[in-house]
Amino acid sequence: MAKLFFALPVKELAPELIAWRDQLPWPGQPVPQANLHLTLAFLGEADEVTTRRLIAAVERQHCPPLSIRLDETGWFSRAKAAWIGPKEWPNELNVLARALRRHGEKLRLGNGEQGYRPHVTLSRKAGEAPAILPAPNFLLQADEFCLYQSISTPDGVRYEPLACWPLRARRKEGLDNEEQRRANP
Ligand code: 3AM
């Protein structure tokens, strides 16, 4: 069984976020740079066949590239996670997160949670919210999303991408025809 979730990788922005967090009195245990991600949908435990079905179903999922401004901080008191996230975000992000949650639900995966609050967890076991002034201002430019497996190791948890898909605008029929005419006048 594998513990799965969908997320946007943070990649190029990760070192900047870590450098910013580490010069602040940020509460809790810091999340390592390699583990930074923006969760889209949590799926939980899945066997191999279900994981393969999930990957096949997601092949047909479309979403354009996403620009997400990370300009506020927050804290989930129950999960004790302190995070950075957007005040506002593109609706396409909600649509993608919901679609991926539904792909999981069709295979009886997920935790039944409906709400979605995009965030990048920067620390865990945080007993209080980060008190940050001035507000952050980073831009996460996402051009792919991934299905991750969460692996527990003696050194802590590690997230391994099992599959990634590009975020790209759907090609328009009309544009394809126009391109064809240009190629074959
Ligand atoms: O990095 P974040 O916090 O966005 O909190 C866990 C992490 O997300 C979340 O899945 C991501 C990878 O572990 N997670 C773990 N168990 C969860 C659960 N039972 C969960 N999210 C919801 N329900």
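See the structure shown above.
Notes on the structure follow. What you are looking at is a predicted structure, and each value in this text was computed from that prediction instead of being measured. (Residues numbered from 1 in each chain as written. Predicted model: local features only at pLDDT ≥ 70, side-chain atom pairs only at ≥ 80, totals over all residues. Heavy atoms only, no water.)

Here we look at the overall build of the protein
Note the cut-off: Here a strand is any run of E in DSSP of at least two residues, a helix any run of H or I of at least four, and the numbering for each starts at the N terminus. Exposure categories follow from relative accessible area, calculated using a 1.4 Å probe and restricted to protein chains: below 20% of the type maximum is buried, above 50% is exposed, and the middle band is partly exposed.
Assigned secondary structure in the protein consists of four helices and 10 strands. Reading the secondary structure of the protein in the N-to-C direction produces β-α-β-β-α-β-β-β-α-β-β-β-β-α. Principal-axis analysis of the C-alpha atoms gives the protein an extent of 65 × 40 × 30 Å. Taking all 185 residues of the protein together, the buried fraction comes to 42%.

Focus: empty space enclosed by the protein
Which entries qualify depends on this criterion: Only protein atoms enter the calculation, which uses a 1 Å grid: trapped sets of points that fit a 1.4 Å probe without letting it out are cavities, open sets showing protein on both sides within 12 Å along at least five of seven lines are pockets, and any residue with an atom within 4 Å of a point is a lining residue. Grid points are joined across faces, edges and corners, and a volume is the space filled by probe spheres set on the points. Residue type decides the class: Asp, Glu, Lys and Arg count as charged, Ala, Val, Leu, Ile, Met, Phe, Trp, Tyr, Cys and Pro as nonpolar, and the leftover types, Gly among them, as polar.
Counting across every chain of the model gives one cavity of 30 Å³ or more. The volume enclosed by the largest cavity comes to roughly 30 Å³. Pro9, Val10, Lys11, Glu12, Leu140, Gln141, Ala142, Asp143 and Glu144 together form the lining of the largest cavity. Considering every element that reaches the lining of the largest cavity, the biggest residue donor is strand β8 (residues 138–142), with three residues. Here the residues of the lining of the largest cavity are counted per class, giving four nonpolar, one polar and four charged.

Things to note about the site of the ligand
Stated formally: Definition of nearness: a residue and a molecule or strand are near each other if at least one heavy atom of the residue lies within 4 Å of the molecule or strand. Contacts described as polar in this section are N or O atom pairs within 3.5 Å, which, within protein, must combine one atom able to donate a hydrogen with one able to accept it, while residues neighboring in sequence count only if both atoms come from side chains. In this description, a molecule resides in a pocket or cavity if more than half of its atoms sit within 2 Å of the grid points defining it.
Close to the ligand lie Phe5, His37, Thr39, Phe42, Asn111, His119, Thr121, Arg124 and Tyr159, which account for all nearby residues. One of the side-chain N or O atoms of His37 is found 2.8 Å from an oxygen atom in the ligand. For the ligand, an oxygen atom lies 2.8 Å from a polar atom in the side chain of Arg124. Counting atoms within 2 Å of the grid points, the majority share of the ligand lands in the largest pocket. Looking at the shell around the ligand, the elements with two or more residues in it are β3 (37–46) and β7 (120–124). For the shell around the ligand, the element with the most residues is β3, which contributes three residues. Taken together, the residues of the shell around the ligand sort by class into three nonpolar, five polar and one charged.

With respect to the side chain of Ser150
Let me state the cut-off plainly: Any two residues whose heavy atoms approach within 4.5 Å at even a single point are treated as in contact.
Looking at the element boundaries, Ser150 is found in strand β9 (residues 144–153). Not counting residues up to four positions away in its chain, the partners in contact with Ser150 are Lys3, Phe5, Val157, Arg158 and Tyr159.

Comments concerning the pattern of salt bridges
In plain terms, the rule: Within this document, salt bridges are pairs made up of a side-chain nitrogen of Lys or Arg and a carboxyl oxygen of Asp or Glu, the two lying within 4 Å of each other.
Under the defined criterion, the tally for this structure stands at seven salt bridges. The salt bridge partner of Arg158 is Glu160, with a shortest N-O separation of 2.6 Å. Using a relative accessible area of 39% as the deciding quantity, one classes Arg158 as partly exposed. For Glu160, a relative accessible area of 32% corresponds to the partly exposed category. Put simply, Lys11, Asp143 and Glu144 are held in one network by salt bridges that share partners.

Description of unusual backbone geometry
The backbone of Lys11 sits at a positive phi, close to 45 degrees, despite the residue not being glycine. Structurally, the position occupied by Lys11 is in the loop between β1 (2–9) and α1 (14–22). Located in the positive-phi region is Lys80, a residue other than glycine, with phi close to 55 degrees. The residue Lys80 is located in the loop between β5 (72–76) and β6 (81–85) in this model.

Some remarks on the sheet that holds β9
Quick reminder of the rule: A pair of strands is treated as paired once DSSP finds two or more bridges between them. The axes used here are C-alpha line fits, helices contributing only the stretch in contact, and every angle between their N-to-C directions lies in the interval 0 to 180 degrees.
The strand order β3-β1-β9-β10 describes an open sheet built from four strands, whose pairing is antiparallel. For this open sheet the edge positions go to β3 and β10 (156–166), each flanked by a neighbour on one side alone. Direction aside, the axes of adjacent strands within the sheet are offset by 25 degrees on average. Inspection of the sheet shows β1 paired to β9 by five bridges, in the antiparallel sense. Bridge assignment links Phe6 to a residue of β9, and that residue is Leu147. Helix-sheet contacts for helix α3 (residues 91–106) involve β1, β3 and β9, and the interaxial angle to β3 is about 5 degrees.

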